[in-house]
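Results of the structural survey
One-letter residues, chain by chain:
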Amino acid sequence: MTTTTHTVTFTINGEKKTFATRPDEKLLTLLRREGYRGTKYGCGQGTCGACTVLLDGRATYACLLYAMQAEGRKVRTIESVGTFDKPGEFQKELVAAGAVQCGYCIPGMVMSATALMETEEVFEDEIVKEYMDGNLCRCTGYEKIWVALRKTLDKQASAKPAAKKTAKGAKK
Amino acid sequence: MKLSEFIRPATLAEARKALRALGPKGMPLAGGTALHFMQGKTPVTAVDVTRLGLSYIRQKGNYFVIGAATPLSDIQRYRGPRWAMHEICRRISTHQIRNVSTIGGNIARVFPWADLPVVLLAMDARLVIYSGKEKEMTADEYFSAQPARLFRGGDLLTAVKIPVLKAHHGFGSVKVTRNAAAFSLATVAALLELKDGVIKAARVAAGSAIPFPQRLKPVEAALVGKEAVTAVFKEAAAAAGAAAKWVGGEGMSADYIRQLAEVSILDALERAAEFARGRAE
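My aim in this report is to walk through the structure given alongside it, one point at a time. (Residues numbered from 1 in each chain as written. Chains lettered and ligands numbered in written order. Predicted model: local features only at pLDDT ≥ 70, side-chain atom pairs only at ≥ 80, totals over all residues. Heavy atoms only, no water.)

**Some points on the pairing of strand S4 (residues 57-60) of chain B**
All names here are of chain B. For clarity, the cut-off: The pairing criterion is simple: DSSP has to find at least two bridges between the two strands. Only DSSP runs of H or I reaching four residues or more are called helices, and only runs of E reaching two or more are called strands; each is numbered from the N terminus.
Examined bridge by bridge, S4 and strand S5 (residues 63-67) share 4 bridges and lie antiparallel to one another. Bridging across to S5, Arg58 finds its partner in Val65. Counting the residues between successive antiparallel strands, the hairpin from S4 to S5 contains 2 residues, one of them, Gly61, with a positive phi of roughly 60°.

**Quick notes on unusual backbone geometry**
We note that Thr140 of chain A has phi near 60°; this positive angle belongs to a residue other than glycine. Within the element layout of this structure, Thr140 of chain A appears in the loop between helix H4 (125-132) and helix H5 (142-171). Positioned with a positive phi, Glu250 of chain B is a non-glycine residue whose angle comes to about 50°. Positionally, Glu250 of chain B belongs in the loop between helix H10 (240-243) and helix H11 (254-276).

**Quick notes on the environment of Lys175 of chain B**
All names here are of chain B. Stated formally: Note on contacts: a residue pair is in contact if any heavy atoms of the two residues lie within 4.5 Å. Polar contacts, as counted here, are pairs of nitrogen or oxygen atoms within 3.5 Å of one another; within protein the pair requires one atom able to donate a hydrogen and one able to accept it, and residues that are adjacent in sequence qualify only if both atoms are side-chain atoms.
Inspection of the secondary structure assignment puts Lys175 in strand S9 (residues 169-176). Lys175 has contacts with Ile88, Arg91, Ile92, Ser93, Asp115, Ala182, Ser184, Ala186 and Thr187, leaving out every residue within four places of it along the chain. Side-chain polar atoms of Lys175 contact the backbone oxygen of Arg91, separated by 3.0 Å. There is a polar contact of 2.8 Å between the side chain of Lys175 and the side chain of Asp115.

**A look at the interface of chain B and chain A**
How big an interface is tends to be stated in terms of the accessible area lost upon association of its parts. Applicable threshold: Accessible area that two parts lose when put together, evaluated with a 1.4 Å probe and summed over both, is termed the buried area. The working definition used for a salt bridge is a side-chain nitrogen of Lys or Arg within 4 Å of a carboxyl oxygen of Asp or Glu. Classes in brief: Ala, Val, Leu, Ile, Met, Phe, Trp, Tyr, Cys and Pro nonpolar; Asp, Glu, Lys and Arg charged; the others, Gly included, polar.
The interface is formed by 31 residues belonging to chain B together with 32 residues belonging to chain A. The largest share of the area that chain B buries against chain A comes from His36, His95 and Gln96 of chain B, three residues that together contribute 26% of it. Taken together, the connections running from chain B to chain A amount to 7 salt bridges. Residues Asp133 of chain A and Arg90 of chain B are paired through a salt bridge, measuring 3.3 Å at the closest nitrogen-oxygen approach. Run the count over chain B and chain A and you get 23 residue pairs in polar contact (both at pLDDT 80 or more). Counting only elements with at least two residues in the side of chain B that touches chain A, the list comes to strand S1 (3-7), helix H2 (72-77) and helix H4 (95-100) of chain B. Top element by residues in the side of chain B that touches chain A is H4 of chain B. It accounts for 6 residues. Class assignment of the residues belonging to the side of chain B that touches chain A gives a composition of 10 nonpolar, 13 polar and 8 charged.

Right, dumping it as structure tokens:
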């Protein structure tokens, strides 16, 4: 193992920061060490999705990314989506649906759903499944997670055209 | 794999120079997902090749040119005339992996279960390699043995060229897995050229259930000159047994895997024929 000091600079949840790291340190390890503990260590081999973060807006496994790969990029963790006191929309629906069992998979699920909501405009089932196919819930509580996600997406979809109308109306 | 150093060259020439100097102590890194699983006692220097402008998809004349560092999710989302690459990319691993894993990383070092070599062999793709200047190679030549052989001297894969399918050409691919994100049990792909309902040319390839991805020439031979109908497809698919060495695994016998491949070939041929006749986009 090398003792050479390396640094990596990236934007984390909107804030540009520089971290000391090693060439083979995983982004997940760095994030948890630096206090972003909402990002969970699950399988550590790119299967379960508990460590999902957004890299330039795209969902990625932080356990299969070297921290050095994040240089100059934008990283977002669950901490940017909601907190216990101010949960995000999907998080509120998860609670309302009773979808959270052990809770370990939830931050990853929320990050994948965030990528979906911020990238896509239409939320057909096929698209939703595609965005969520890399997140496992070992309590197997998929049904309620799906119900909560559907509710969140339907709300967002019905809000979107209205927002567009307002924008167009404002121009006139 | 242990990384002792991590460098980010700014140009292709710099990347090649660094890899040449490092020799076996250097390792190109694109998505980097496979590096976490590679065994090797000697630490290596990772040479990041994702910042060299190699992430793009463009239609150029008769080819779609895909930059080697293009993530699979971009290929999956891209749409062009008679584009067929999205189907297989959707079936590779999970959303998070597709977002970082690249087409180049998938084929620069071929794992036996890789899907893209199968598709590229059937598609008659061309591979662009940078060795100070760029040179092109056919998929047949490139996949004739482990492609990693081509990159030992620091040369780099820069692009994959996929022929734009003409009218009456059709493509179909099938990947069989136990669950959505699992490694392939068998992957097959077929390219058919039809004229008045007759098969003028065919390229059929398979991977995963055999030691290394390859074309199935006896299957192709059983198609050319015949009518593009199910009975012919079935007969051709039955030639798969003699075309390659089928290997069992995951509790399945070699014979079972061969049968699995046969029905998958039939399915891929039906899809290719439907595509050639004019698929609904």
